[in-house]
Amino acid sequence: MILLPDSTRPPKPPKPIELPFFEEEDTCEVALPLAVQGSFAYKVPSSLRGRLSLGVRVKVPIGKATAVGIVERVGMRPRPSPLRLRAIREVLDDRPVLDEDMVRLCRWMAHYYLAPLGLVAQTVLPPGMLGRQDSRREPPPKVRRRLILTRTLGTLSERVEVFGRAHRQRAAYEVIESMGGAASVAHLVGRLGFGRPVLKGLVDRGLAKMVDEPVERDPFGDDGGPGGGVGSRPEFDLSNDQVAAVNAIDRLDGTGRTALLHGVTGSGKTEVYIELIYRQLARGRSAIVLVPEISLTPQTVRRFRARFGDLVAVLHSRLSAGERHDAWRALREGRRRIAIGPRSAVLAPAPELGIIVVDEEHDSSYKQSDRAPRYHARSVAAMRARSTKAICVLGSATPSLESWHNAVGGRYARAALPHRVTPRGLPGVKLVDGQAERISAPGNEASRSVLSEELADAIAARLERDEQTILLLNRRGYSTILECGGCNRVWTCRRCSATLTYHRRRQRMACRYCDFQQGTLARCPDCGQAGVLQSGVGSEQLERQVCETFPHARVARLDSDTTDTKWAHRDTLDSFGRKEIDILVGTQMVAKGLDFPGVTLVGVINADAGLNLPDFRASERTFQLIEQVSGRAGRGDEPGEVLVQTLRPRHPALRFAASHDYHSFVEQELEDRAELGFPPHSRLARLIVHGRSEQKVSAFAGEIASIARQLIRKNELLGTDVAGPAPCPIEKIKNRWRWHILVASARAKALGRVLDGVDRARLSLPGGLRLDIDRDPEALL
């Protein structure tokens, strides 16, 4: 049993002890990327005092190993007992890798999300810059070898005397001379055909020298897709609504406030972002632009590079370590002033930060839930803007209820784009009743088409008119459930409480939580019956049925199974943009931010699947997904149409999405949330206990819930409640049983006090158990 200290009783005064006296410059505190709270105190040798400052990296001893950490404080906090400090061994940076603003942001993230400061700093910096010395892998800079002439041969006679019969050396000399006195060795050898011995001969004669020059790795520098490259500034006129939105948001300059930009799909939010960033750059500041999906990055980069050229840098996890380091350095040094990327780009270096844009701010991918720090990029963006007096812009056609609640309550400023910039309005949306479709087309699921007759006819009409179609089914794989027809056995993961998904092309069954895989079986291992019944349609099966129904159509699929390589997203979307693909099938990747004028039809398959999840945000996510994917249709000269296949056509989320009525949906959803006490009417945290012993997990989860309730009572935290413990909806993942407790409070400070007390309980964790604290969770599975 964990004993909770009585916080109402004043602590006993400590016994007087003699502490060693340390001058401020004699000590420092270092944050190491370890799963322990707090920083480590070290002595600073006199030889290093002049180089030490806040935010630099240092090499320090830790146990018997050596690690690299960040100086979090120069000097040392008062300690309760005498210390014999070990000395730091090396200062690795001439200037801080984290400036004072970023150190302040890291401290806030560590406090708010209850994460070790060293792990926060490791998240901020490129991979390999922090950690144990034996595991640190900071990529070396990429260099380009150049040959530079060091001696001028002015006369013909001088050249004859120097080169004699070395005609190739003379030719190389004169070529380099014609190129301004310097040339790339790779160009001279690969393009012009000079051998390396010839170039070495110029060096040996004292006529030239070899120089290694650093080269910035820019994966998007040679992008030649539609509208790509670093072309001239595009000419476009802002609409009256856009001008009003730009002016309203720009008036917040220097205040550190957040603005919600609520614009319907196709209303030109990106042009508003570009104009706002242009104004900030003109003031000598920098910008950060967040997108929810890596698949959106190439398209976004092209639009911004067309306006801002080489000022744009890209940061995301699919880039090589060297590319990420080069982009980080260019931003830190001010050579690039606009950072674009998904969630982690909110932590990019940005000297003189002027604006942070969070596009599609409602998207759940902005929350990091799988590891500490479990931060939400939207919240971090607002806090970073506040501390640097920058503007934070949250843009969406379907704002999260939290952001809408903040805007209505006056905490955020508001701007609206209620109309599309194209001649056509929002597409018409029709709900296709799947129950009626089943009655009219009886038969088993395997023989029944995924496409309704109405949707199939609409696709055929688009093919005849050379128009494009997007089909959304938010499940990957071929079949999501495999069942024996004899004994009704369902194939499940050995390590997780989840069914295996069948992937037909790979002929494998796989778990979507732990990546466990096994081959398909000809017979059931329990009863021996041959054949397996398949149910639950995935995007792979939808692609196959579309190809069979329309054999002459050009079909492609966009999901995590087809985009596991670096440029797969870009290549598929580029082909679709060039109209080399007629029908694009995919998961939620096809619903976000894509702008293709040729798309006139969007079909949604099994639209209500997300409504069945045990999560209070299920209705909100379903509405957002339908509204977002609907917005992909009708962005050109032709009108758009959306057909949504559902078994629950009378559900409010679907009805409001069909009428593009965001305000009515929000009004009803806020009422439902208020009755249950869920966000945005409260602040929520999820405590997850997990381990290999289900009995130990459930017992310790009970103790954690008791601690939380005891803290609430002792501190008289009115309006704060605890629910649970209970098994998670997915009880086991990777052979670890999972129980959770929910803590909700009307006040953020009250919730923080409870979480601080619970966090101290981690020190008493039984062996093999872990306690994860997820503040502001996006999912409850």
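Structure: see above.
Residues numbered from 1 in each chain as written. Predicted model: local features only at pLDDT ≥ 70, side-chain atom pairs only at ≥ 80, totals over all residues. Heavy atoms only, no water.

J.: Just to check I follow, could you spell out the overall build of the protein for this structure?
T.: A tally of regular secondary structure across the protein gives 21 helices and 31 strands. Taking all contacts inside the protein whose residues are at least 6 apart in sequence as the whole, residues at least 24 apart take part in 75%. Carbon together with sulfur atoms contributes 49% to the accessible area of the protein, which is approximately 35,600 Å² in total. (Helix = DSSP H or I, 4+ residues; strand = E, 2+ residues; numbered from the N terminus. Contact = heavy atoms within 4.5 Å. Areas by Shrake-Rupley, 256 points an atom, 1.4 Å probe, with all protein chains shown as cover.)

J.: Would you mind showing me how to read helix H21 (residues 748-760) here?
T.: Given 3.6 residues to a turn, an α-helix orients residues that are three or four positions apart in the same direction. Here H21 is 13 residues long and its end C-alpha atoms lie 19 Å apart, about the 18 Å a rise of 1.5 Å per residue gives. Taken residue by residue, H21 has Ala750, Leu751, Gly752, Val754, Leu755, Gly757, Val758 and Asp759 as its buried positions. Where H21 is buried, its residues meet strand S28 (683-691), helix H20 (694-714), strand S29 (720-733), strand S30 (736-745) and strand S31 (770-775). (Expected span 1.5 Å × (residues − 1). Buried < 20%, exposed > 50% of the residue type's maximum accessible area, 1.4 Å probe, protein only.)

J.: Before we go on, may I ask you to explain the sheet that holds strand S10 (residues 258-263) in this structure?
T.: Sheets are built from strands paired through backbone hydrogen bonds, the pairs being either parallel or antiparallel. Pairing is parallel in the open sheet, where seven strands are placed in the order S12-S13-S11-S14-S15-S10-S16. The sheet is open, and its two edges are formed by strand S12 (312-314) and strand S16 (413-417), each paired on a single side. Within the sheet, the average angular offset between the axes of one strand and its neighbour, ignoring direction, is 20 degrees. Along the sheet, helix H7 (residues 240-250) contacts S10, strand S15 (391-396) and S16; its crossing angle with S16, the most-contacted strand, is approximately 165 degrees. Relative to the sheet, helix H8 (residues 269-282) contacts S10, strand S11 (286-290), strand S13 (338-341), strand S14 (353-359), S15 and S16, its axis offset from that of S14 by approximately 170 degrees. (Pairing = 2+ DSSP bridges. Axes fitted to C-alpha atoms, helices over the stretch in contact; angles between N-to-C directions.)

J.: I would appreciate a short explanation of the packing of aromatic side chains in the present structure.
T.: We describe a pair of aromatic rings using the distance from one ring centre to the other and the angle between the two ring planes. Within the structure shown, the criterion is met by eleven aromatic pairs. Residues phenylalanine 623 and phenylalanine 665 carry aromatic rings whose centres are separated by 4.4 Å and whose planes lie at 5 degrees to one another, so their mutual orientation is stacked. With phenylalanine 623 in helix H17 (residues 618-630) and phenylalanine 665 in helix H19 (residues 662-676), this pair connects stretches of sequence that are 42 residues apart. For the pair phenylalanine 623 and phenylalanine 665, one class covers both residues: buried. Through a chain of ring-to-ring contacts, three or more aromatic side chains come together here, namely Trp404, Phe623, Tyr662 and Phe665. A cation over an aromatic ring shows up here: arginine 307 above the ring of tyrosine 278, its NZ or CZ 4.6 Å from the ring centre. Above the plane of the ring of tyrosine 112 lies arginine 775, whose end atom (NZ or CZ) is 3.9 Å from the centre. (Phe/Tyr/Trp six-rings, centres within 6.5 Å; stacked < 30°, edge-to-face > 60°. Lys NZ or Arg CZ within 6 Å of the ring centre and 35° of its normal.)

J.: Help me understand the pairing of S16 in this model?
T.: Each regular strand carries side chains that alternate between the two faces of the sheet. Burial of the side chains of S16 is restricted to one face: Ala413, Ala415 and Leu417 are buried, whereas none of Arg414 and Ala416 on the reverse face is. Where S10 meets S16, five bridges bridge the pair, whose relative direction is parallel. For histidine 262, the partnering residue across the bridge sits in S16 and is alanine 416.

J.: How should the environment of leucine 718 be read in this particular structure?
T.: Note on placement: leucine 718 falls in the loop between H20 and S29. Accessibility expressed as a relative area gives 73% for leucine 718, which makes it exposed. For the pair leucine 718 and serine 745, spaced 27 residues apart in sequence, the C-alpha separation works out to 8.2 Å.

J.: For this particular structure, what's the right way to read the packing of H20 against H21?
T.: Between two packed helices, what matters for the description is the angle formed by their axes and the separation of those axes. In contact at an axis separation of 9 Å, H20 and H21 are set at 135 degrees when each is read in the N-to-C sense. Relative to H21, H20 is oriented oblique. Relative to H21, the crossing made by H20 is right-handed. Residue-level inspection shows Ile704, Ile707, Ala708, Leu711 and Ile712 of H20 in contact with H21, the latter providing Val754, Gly757 and Val758. Its residues placed into classes, the contact of H20 with H21 shows seven nonpolar, one polar and no charged. (Parallel < 35°, antiparallel > 145°, perpendicular 65-115°, else oblique. Left-handed = near helix turned anticlockwise from the far one by under 90°. Nonpolar A, V, L, I, M, F, W, Y, C, P; charged D, E, K, R; others polar.)

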